Structure formats: structure tokens, C-alpha cells
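Report on the structure
The residues making up each chain are set out below.
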Amino acid sequence: MIVTLFVIAISILAVYSTISASEYGLKKDDMQTQSIIHLVKSNDWLNDYEEQKLGGKILQAQIDSVNITLQNNYLSTSNAAHKQGNYYLHKYRSYIDTLNTDKSVEGSLANLQYKAELENSAYEKSLSNISQTSKIITTYELITILLIVGAGLCGTSEVAKNKMIGYPGFVVGGAGVIILLLVLFTGATV
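Report follows, based on the coordinates. None of these values were measured; they are calculated from a predicted model.

Further remarks concern the packing of helix α1 (residues 2-72) against helix α3 (residues 109-160). Where α1 meets α3, the closest approach of the two axes is 6 Å, and the angle between their N-to-C directions is 165°. Between α1 and α3, the crossing angle belongs to the class labelled roughly antiparallel. By crossing handedness, the relation of α1 to α3 is classed as left-handed. The residue makeup of the contact of α1 with α3, split by class, is 29 nonpolar, 20 polar and eight charged.

Once that is clear, we can look at the environment of isoleucine 19. Looking at the secondary structure, you find isoleucine 19 in helix α1. You can call isoleucine 19 partly exposed: its relative accessible area is 45%. Residues isoleucine 19 and glutamate 141, spaced 122 residues apart in sequence, show a C-alpha to C-alpha distance of 9.9 Å.

On the secondary structure map, glutamate 119 appears in helix α3. Despite its burial, glutamate 119 pairs with no opposite charge; the closest candidate is lysine 41, at 4.6 Å N-O. A distance of 2.8 Å separates a polar atom in the side chain of glutamate 119 from a polar atom in the side chain of histidine 38. Apart from residues lying up to four places away in sequence, glutamate 119 is in contact with His38, Lys41, Ser42 and Trp45.

Rules and cut-offs
Residues numbered from 1 in each chain as written. Predicted model: local features only at pLDDT ≥ 70, side-chain atom pairs only at ≥ 80, totals over all residues. Heavy atoms only, no water. Axes fitted to C-alpha atoms, helices over the stretch in contact; angles between N-to-C directions. Helix = DSSP H or I, 4+ residues; strand = E, 2+ residues; numbered from the N terminus. Parallel < 35°, antiparallel > 145°, perpendicular 65-115°, else oblique. Left-handed = near helix turned anticlockwise from the far one by under 90°. Nonpolar A, V, L, I, M, F, W, Y, C, P; charged D, E, K, R; others polar. Buried < 20%, exposed > 50% of the residue type's maximum accessible area, 1.4 Å probe, protein only. Lys, Arg positive; Asp, Glu negative; His and termini not counted. Salt bridge = Lys/Arg side-chain N within 4 Å of Asp/Glu carboxyl O. Polar contact = N/O pair within 3.5 Å; in protein donor to acceptor, adjacent residues only side chain to side chain. Contact = heavy atoms within 4.5 Å.

Below you can see the structure in the form of C-alpha cells.
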């Protein structure tokens, strides 16, 4: 009678631990999806940063080229050409000034780098959370195995009417129950 009740109880707990492991598995899948999204966003912001940095260098080269052209052709070019050259110089310098401002300015190099670092930090944090969730899943799977083995040994003991097989079943099943209680009440993982 005691063995039968023990087998039923640990069988129910085995079902519970299996369901918990499955729920954490689904949660882990969602976390992995979010992790990939953070990684892609981080790479996207980093690509934008590199693109703007390269664009700034190209603009600086164009500024230098326009300056040299204006200086070399100062006397031979018209006033309209000088105005147009100064317009482009002002426009390019304004863009470069925007690139070199602080992170509060949208589109600045510092802002793009900050966004890339923010997404990368979220990615790394999600990896840590995924690792912790994997440990929880592994613990629930261990509990399930211990409970199933305990139930199997106790069930065999009951059928065979051999108490010597039942004692290890109580020990193994009891270990599964103890670990389950530790996980539930303390959050500890194996």
C-alpha cells in the first residue's frame, strides 16, 4: 500500500517536472529568438556606424578637394563658382560636424556606437539568461529521470513482492523529490 502510494505520488511529480522542463524549453526558444534579434540589431547599428565613419572620411576628402580647387582657381573662376564651392564646403562641414557630436544627436557616430553597444549588451544579457534557463531545464530533466527510475523500481518491487528492489526505489525517488523541492523553494539548480 505504501509502495503503491509512493509510486503514484512520484509518477505525478515526474509528470509535473516534465511539463516544467517543456515550459522552460519554450521560454528558452523565445529567449533565443530575442537574443538573435538583439545580435542582428547590434550588427546593424555597427554597420551604420562604420558606414557613417567611412562617409565622413569621404566627405573630408571632398572638402579638401574643393578647397584645393578653389585655391588653385581663385582668380580664374567666377563669383558664382566660388559661391557654389562655398555652399558645398558648408554643407559637407555641417554633415561632418553632425557626425562628430555627442551621443544625444541622432545619426552621430557616438549615437550609432551607443546604440550598437546597447543592443550588444542586451544580447550578452540574453545569453546569460539562456544559460540559466538551460540549467533549470537540465535540473528538471534530472528530476524526471530520478522519479521515473524510483517509480520503476518501486513498481517492480510491488509486482515481484521483493522489498529489496523497493528500497533503492525509495532512495532514488526520494532524491528526485528532494531535488524538486529544492528547485521549487530555493531556485537552486544542479
